[in-house]
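Close look at the chain arrangement
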Amino acid sequence: MFVDFGPDDRVLHSKAFLQEEVEYNLLHLIAGNPESLRIKTAEDHLIFAQTEGHNPCYGLHPR
C-alpha cells in the first residue's frame, strides 16, 4: 500500500535514508514542490516522487 508524504516526512529523515543520501538529493527537491506526486509505502521501504513533465525519482531501502 502506498501513502502520500510531504517534505518533512520521517522517511526523508530516517537513518536508512540518510545513510544512502547524497549531499544534494533530488528526492528532497521534488518533495518540496507542492505540485509533485509523492508516495511511499506505509513501512517507508519505497519512496516515489515525480513532478509533472519530468522523470520520476525513487528510493528503495532494504529491511
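Whatever comes next refers back to the structure up there.
Here is a short report on the structure shown in this document.

Basis of the calculations
- Residues numbered from 1 in each chain as written.
- Predicted model: local features only at pLDDT ≥ 70, side-chain atom pairs only at ≥ 80, totals over all residues.
- Heavy atoms only, no water.
- Pairing = 2+ DSSP bridges.
- Helix = DSSP H or I, 4+ residues; strand = E, 2+ residues; numbered from the N terminus.
- Axes fitted to C-alpha atoms, helices over the stretch in contact; angles between N-to-C directions.
- Core = buried A, V, L, I, M, F, W, Y, C linked by side-chain atoms within 4.5 Å.
- Buried < 20%, exposed > 50% of the residue type's maximum accessible area, 1.4 Å probe, protein only.
- Contact = heavy atoms within 4.5 Å.

**So, the sheet that holds strand β2 (residues 37-41)**
An order of β1-β2-β3-β4 is seen for the four strands of this open sheet, with the pairing classed as antiparallel. The open sheet has two edge strands, β1 (2-4) and β4 (57-60), and neither has a second partner. Each strand of the sheet is rotated relative to its neighbour by a mean of 20°, with strand direction disregarded. Sheet topology places β1 next to β2; three bridges connect them, and they run antiparallel. If you follow phenylalanine 2 over to β2, its bridge partner there is threonine 41.

**A closer look at the nonpolar core**
Phe5, Val11, Leu12, Phe17, Leu27, Ile30, Ala31, Ile47, Ala49 and Cys57 together form the largest nonpolar core, which totals 10 residues. Secondary-structure elements contributing two or more residues to this core are α2 (26-31) and β3 (46-50). When residues of this core are assigned to their parent elements, the largest contribution, three residues, is made by α2. Those residues in contact with isoleucine 47 that lie beyond four places of it in its chain are Phe5, Val11, Phe17, Leu27, Ile39, Lys40, Cys57, Tyr58, Gly59 and His61.

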